[in-house]
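Structural overview
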Amino acid sequence: MKWGDWLIVSLFLIIGLSCMTMSATWMMGTNAISSYLHNLFHICLWGGVPITVAAVIYVMIRKWKNERNG
Amino acid sequence: MIGNHIVVKLGGTIILLFLIVLLPIGFVIDRIFSGFYYNEVRSQNEQLSAQYANALATTINPNVLTMIEMMANFSQIKLFITDDTGKVIAKTEIPDITQGEYVPEEEILDLKDGAKIEKVYADSSGQRFLVSGTPIVTDQGVLGGVFVMSSLEGIDLSLQKVRNMLLLAGIGAFFLALGVTYILSKKLSDPLIQMEKAARKIAKGDLETRVELASTDEIGSLAKAINDLAFDLQRYRDSRKEFFANISHELRTPITYVEGYAKVLIDKLYHSEEEKEQYLEIIHEESIRLSRMIGDLFDLSKIDEGKITLHLEWVDITEVVEGAIQKTKMKAKEKGLNIQSSVQDKLPLLHCDGNRMTQIFINLLDNAIRYSNNGDICIEMWKEDERLKIGVKDSGIGIPEKELLYIFDRFYRVEKSRSRQFGGTGLGLAIVKDLVELQGGTIQVSSIYGKGSYFELTFPLSAGSNTWEDEI
């Protein structure tokens, strides 16, 4: 992927995360930046869960394959 | 066309799948929120109307109606009470409902059956209310009903706010998915695009092109197959080029000799009859060489095209080897070489083409004689693990180890500079290898440079192999 592709991807991810964080923060009725950041952190945390699970499974499979191949 | 790209197709499919999940989930979440809010108001209305209906049913005080009306007004609860005919007999501040008017008959019938009423009512200003009606049930029957109304304006506003937030979160999720899909589709389609470009370059003749992929899955296997194909094509093209270069060189050399010496003879440029005889001998030798080369090339082209016909039969290979030795004995004697054979007793018959086997052994013996100046040439035959093994050993110039790989290539010669001295066409071993493999055998060579070479042929013995004596 070229730097232009990464720019587009970053833009999409920033817009996506901003929209979701705004939505979560607005309903809580507070406009404090700390609340916004707190929600952003939690959204990233929830998004990171499947990535972490996938990474752990991938590492385990690779390790198992390496052990099997000796 | 932009849609005709694997990245777009893959990305579009993932996004479509995402939307197929996201939109119904959005609808379900909206229903859950709406249901939750409406249920809250409904249960509140039902509870209140049941309380008032119970109070009216159990109290005998005639002023109870007025008291309830006052309490409701005080508590800002919107309600109206009807008698058993459906006529409104008491009400709080409700703009469009007047005392004395009648509620629809079907609602009264439902109340008389003891059922609760629930409906959404909109007044003249468009404001919506959730109405819950409970029958006033006494021992004498249904005396009427209590209808409690709650404005849905607040709920609708809250729901609209929730919907807006859900929409915003949905848009966020869509962009997030778009970003992840972009990476995924690019990463997944990159190897395919790389292979497509490599295949196109290979098709255009750039056979040095290779696909650089480290993965070990099916994509990696495909890349390896493309690389192997390019390598084979490159090898084929190089060997074809080399073959044509060699063939033209090898054919031109004897023709030049014949042409040159024939010219000398025509112009009578010789000094003696002896010299003339010598030139004629050279022309004769070169014409034989040319004829043999054309014969070898003809054989090879037939093998390449698969047009060679093998006449397979049960052959006593000892006889074949003895025949080949007899045919090459004279040539060996001329060089002072001795051909020895060592054959194991009762060797089984081999299912092969006798004439082609003779050609194989004559070629191998010719080769051994050509490159040996002294010593013996040995042929040995034995049976080992249901295989017939034949070894041809010479004490010739040998083959350097790094050249052993190419010894069966067409026109390959170990001593290129002395090829005319040794003679031969450079095609003999190539023909031997092809003929051996055509008959299901294998050939291996080992050599010590300067000391000699050893060719070992292996043929599988089929289940029906018997010895010659058994056959008799």
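Computed from a predicted model, the values in this text were never measured in an experiment.

1. Points about the interface of chain A and chain B
If you look at the interface, chain A gives 16 residues, while chain B gives 17 residues. Taken together, the connections running from chain A to chain B amount to 1 salt bridge. Viewed at the interface, chain B and chain A are joined by 2 residue pairs in polar contact (both at pLDDT 80 or more). Here the residues of the side of chain A that touches chain B sort into 13 nonpolar, 2 polar and 1 charged.

2. A word on the pairing of strand S2 (residues 88-91) of chain B
All names here are of chain B. With 3 bridges connecting them, strand S1 (residues 78-83) and S2 associate as antiparallel partners. The residue of S2 that forms the bridge with threonine 82 is valine 88. Taking the residues that link successive antiparallel strands as the turn, the S1-S2 hairpin has 4 residues, and the phi of glycine 86 there is positive, at about 95°.

3. Quick word on the nonpolar core
All names here are of chain B. Judged by nonpolar contacts, the single largest core of 51 residues is most densely connected at Ile317, Met357, Phe361, Leu364, Ile390 and Leu457. It is helix H8 (residues 354-370) that contributes the most residues to this core, 7 residues altogether. Domain assignment of the residues forming this core places at least three in each of domain 2 (218-304) and domain 3 (310-471). Setting aside its immediate chain neighbours within four residues, isoleucine 390 contacts Ile317, Phe361, Ile379, Glu380, Met381, Phe455, Glu456, Leu457 and Phe459.

4. A short note on the confidence of the model for chain B
Residues and elements named next belong to chain B. A residue-level look at chain B finds 95% of positions with pLDDT of 70 or above and a mean pLDDT of 86. Counted against residues more than four places away or in other chains, residues 468-472, with its pLDDT under 50, gives 6 contacts. Overall fold confidence (pTM) sits at 0.60, and the ipTM for the predicted complex is 0.86.

5. Things to note about the side chain of Lys389(B)
All names here are of chain B. By the element assignment, lysine 389 lies in strand S10 (residues 387-393). A polar contact of 3.3 Å, which involves the side chain of lysine 389, links it to the side chain of glutamate 456. The residues contacting lysine 389, other than those within four sequence positions of it, are Glu380, Met381, Trp382, Glu384, Glu456, Leu457 and Thr458.

Criteria and cut-off values
- Residues numbered from 1 in each chain as written.
- Chains lettered and ligands numbered in written order.
- Predicted model: local features only at pLDDT ≥ 70, side-chain atom pairs only at ≥ 80, totals over all residues.
- Heavy atoms only, no water.
- Contact = heavy atoms within 4.5 Å.
- Salt bridge = Lys/Arg side-chain N within 4 Å of Asp/Glu carboxyl O.
- Polar contact = N/O pair within 3.5 Å; in protein donor to acceptor, adjacent residues only side chain to side chain.
- Nonpolar A, V, L, I, M, F, W, Y, C, P; charged D, E, K, R; others polar.
- Pairing = 2+ DSSP bridges.
- Helix = DSSP H or I, 4+ residues; strand = E, 2+ residues; numbered from the N terminus.
- Core = buried A, V, L, I, M, F, W, Y, C linked by side-chain atoms within 4.5 Å.
- Buried < 20%, exposed > 50% of the residue type's maximum accessible area, 1.4 Å probe, protein only.
- Domains from an automatic or database assignment.
- pLDDT = per-residue confidence, 0-100.

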